[in-house]
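Secondary and tertiary structure notes
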Amino acid sequence: MNTNPVQEHLVLLLGGTGRTGGRVLKQLLDRGVHVRAIVRSANRLPEGVAGHPRLTVIEADVLALSSEEMLEQVRGCDAVISCLGHTTDLKGIFGAPRELVAPMVERVCAAAVALEPTEPLKVVLMSSVSVHRSHALDPRRGSAERAFVALLRALVPPAKDNQDAADYLLEKVGSSSPFVQWAVVRCDTLVEGDVSKYALHESFVSSLAKPDDTSMANVAHFMCDLVTEPQVWGTWKGLLPVIANAAKA
Ligand SMILES: NC(=O)c1ccc[n+]([C@@H]2O[C@H](COP(=O)([O-])OP(=O)(O)OC[C@H]3O[C@@H](n4cnc5c(N)ncnc54)[C@H](OP(=O)(O)O)[C@@H]3O)[C@@H](O)[C@H]2O)c1
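Below is a summary of the structure that appears in this document.

1. Here we look at unusual backbone geometry
Notably, E116 is not glycine yet its phi reads approximately 50 degrees, a positive angle. The residue E116 is located in the loop between α4 (101-115) and β5 (121-128) in this model. Note on E116: relative accessible area 53%, which makes it exposed.

2. Focus: the pattern of salt bridges
Applying the stated criterion to the full structure yields 7 salt bridges. Across the pair R133 and D138 runs a salt bridge whose closest N-O atoms are separated by 2.8 Å. You'll find R133 and D138 in the same group, each marked buried. Ionic pairing is found between R186 and D138, a salt bridge with its closest N-O pair at 3.0 Å. One end of the pair, R186, is in strand β6 (residues 180-187); the other, D138, is in the loop between β5 and α5 (143-155), with 48 residues separating them in the sequence. Three or more residues joined by partner-sharing salt bridges are found here, namely R133, D138 and R186.

3. Points about the sheet that holds strand β3 (residues 55-59)
Reading across from one edge, β3-β2-β1-β4-β5-β6-β10-β8 is the order of the 8 strands in this open sheet, with mixed pairing throughout. Each edge of the sheet is formed by a strand with only one pairing partner; in this case those strands are β3 and β8 (198-201). Along the sheet, successive strands turn relative to each other by an average axial angle of 20 degrees, direction set aside. Summarising the sheet, β6 and strand β10 (residues 242-245) pair through 2 bridges and their orientation is parallel.

4. Observations concerning the packing of α4 against helix α6 (residues 157-173)
Here α4 crosses α6 at 30 degrees, and the two axes come no closer than 7 Å. Of the possible angle classes, the one that applies to α4 and α6 is roughly parallel. Only D161, N162, D164, A165, Y168, L169 and V173 of α6 make contact with α4, whose side of the interface consists of V101, A102, P103, V105, E106 and C109. When its residues are assigned to classes, the contact of α4 with α6 shows 9 nonpolar, 1 polar and 3 charged.

5. Remarks on α5
An ideal rise of 1.5 Å per residue puts 18 Å on 13 residues; α5 measures up with 18 Å between its terminal C-alpha atoms. Contact partners of the buried residues in α5: α6.

6. Concerning the state of the cysteines
Summed over the entire model, instances satisfying the criterion amount to 0 disulfides. Of the cysteine sulfurs around C224, a residue in no disulfide, the closest is that of C83, at 8.6 Å.

7. Focus: the packing of helix α1 (residues 19-30) against helix α7 (residues 216-228)
Across the interface, α1 lies against α7 with an axial gap of 8 Å and an inter-helix angle of 50 degrees. As far as their axial angle goes, α7 and α1 are oblique. Note that α1 runs across α7; the crossing there is right-handed. Here R19, T20, R23, V24, Q27 and L28 of α1 come into contact with α7, specifically with M216, A217, V219, A220, H221, M223, C224 and V227. By residue class, the composition of the contact of α1 with α7 is 9 nonpolar, 3 polar and 2 charged.

8. Focus on α4
An ideal rise of 1.5 Å per residue puts 21 Å on 15 residues; α4 measures up with 21 Å between its terminal C-alpha atoms. Looking only at α4, the buried set comprises V101, A102, M104, V105, V108, C109, A111 and A112. In this structure, the buried side of α4 is in contact with β1 (10-14), α2 (67-74), β4 (79-82), β5, α6 and β6. Remark: E116 follows α4 within two positions and exhibits a positive phi of approximately 50 degrees.

9. Remarks on the environment of Y168
Along the polypeptide, Y168 turns up in helix α6. For Y168 and L65, which are 103 residues apart along the polypeptide, the C-alpha to C-alpha distance reads 20 Å. Residues contacting Y168, with those up to four places away along its chain left out, are V105, E106, C109 and V173.

10. Here we look at the nonpolar core
Membership of the largest hydrophobic core comes to 36 residues, with the highest contact counts inside it found for L12, L14, I38, V105, C109, L121 and L169. The set of elements that each furnish at least two residues to this core consists of β1, α2, α4, β5, α6 and β6. Considering each element in turn, this core owes the most residues, 8 residues, to α4. Those residues in contact with I38, other than ones at most four positions away along the chain, are L12, L13, L14, G15, I58, A60, V62, L65 and Q73.

What counts as what
- Residues numbered from 1 in each chain as written.
- Predicted model: local features only at pLDDT ≥ 70, side-chain atom pairs only at ≥ 80, totals over all residues.
- Heavy atoms only, no water.
- Helix = DSSP H or I, 4+ residues; strand = E, 2+ residues; numbered from the N terminus.
- Buried < 20%, exposed > 50% of the residue type's maximum accessible area, 1.4 Å probe, protein only.
- Salt bridge = Lys/Arg side-chain N within 4 Å of Asp/Glu carboxyl O.
- Pairing = 2+ DSSP bridges.
- Axes fitted to C-alpha atoms, helices over the stretch in contact; angles between N-to-C directions.
- Parallel < 35°, antiparallel > 145°, perpendicular 65-115°, else oblique.
- Contact = heavy atoms within 4.5 Å.
- Nonpolar A, V, L, I, M, F, W, Y, C, P; charged D, E, K, R; others polar.
- Expected span 1.5 Å × (residues − 1).
- Disulfide = S-S within 2.5 Å.
- Left-handed = near helix turned anticlockwise from the far one by under 90°.
- Core = buried A, V, L, I, M, F, W, Y, C linked by side-chain atoms within 4.5 Å.

Here you go:
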């Protein structure tokens, strides 16, 4: 009898040394998932995961991987989770590389198309409430907020990068690929804290002027659910859920 129902999962994790990515890594391992993590330095992995039997670490700058090398990293995985983010200092925000998330999402999807998996590869992208959909699909975001975000994208390269990555999934991959399915997890202000109650919405419920808190542990929990719980994936695939901590009673 199989006593470990998630043993067959192999997740490629990008950004596993980050604040949220580290939590994703720990939670995936706790759930019995096998993880292949591409990190720039294994020294920055979260405490206690080094040498874990279900963890394979590849030390590389993801931007330096060729398409063929990325294809080999995607091979055999049933899901990819990206928690990549630009370093949050002036050099990271305004210096090179100006594009990180969008090119990596494109490369992962191209690898899936080349590999032609029997089940579509699940691509889960950690994103931001600065990302919105066109054609009034995010009705809560009015013209003033759209103009503000457009300005933000023009001035702050990571904001454009996050929107480009989501647009690529929405417009280029779409919802009918036999090889790739995706979900874009839009987070508000990231905060510390343990896994707690959280709410998922199809679109924005708060304005940019009154941001919601989203604990990184909850973002990680939801992203782990997406790749391990078929019902959760069935609900959110092809969508851009907004996640926020549940209001305290
Ligand atoms: N901060 C917020 O309040 C907030 C809110 C909403 C959404 N978001 C979005 O959520 C995402 C993750 O946020 P976070 O704060 O958890 O990120 P973070 O702590 O800054 O982590 C970013 C991760 O990306 C990795 N990375 C960057 N460039 C890389 C490269 N070339 N090759 C390999 N790995 C690379 C970093 O590796 P190193 O350890 O080597 O640097 C790190 O593991 C970002 O896209 C961000 O825009 C953030």
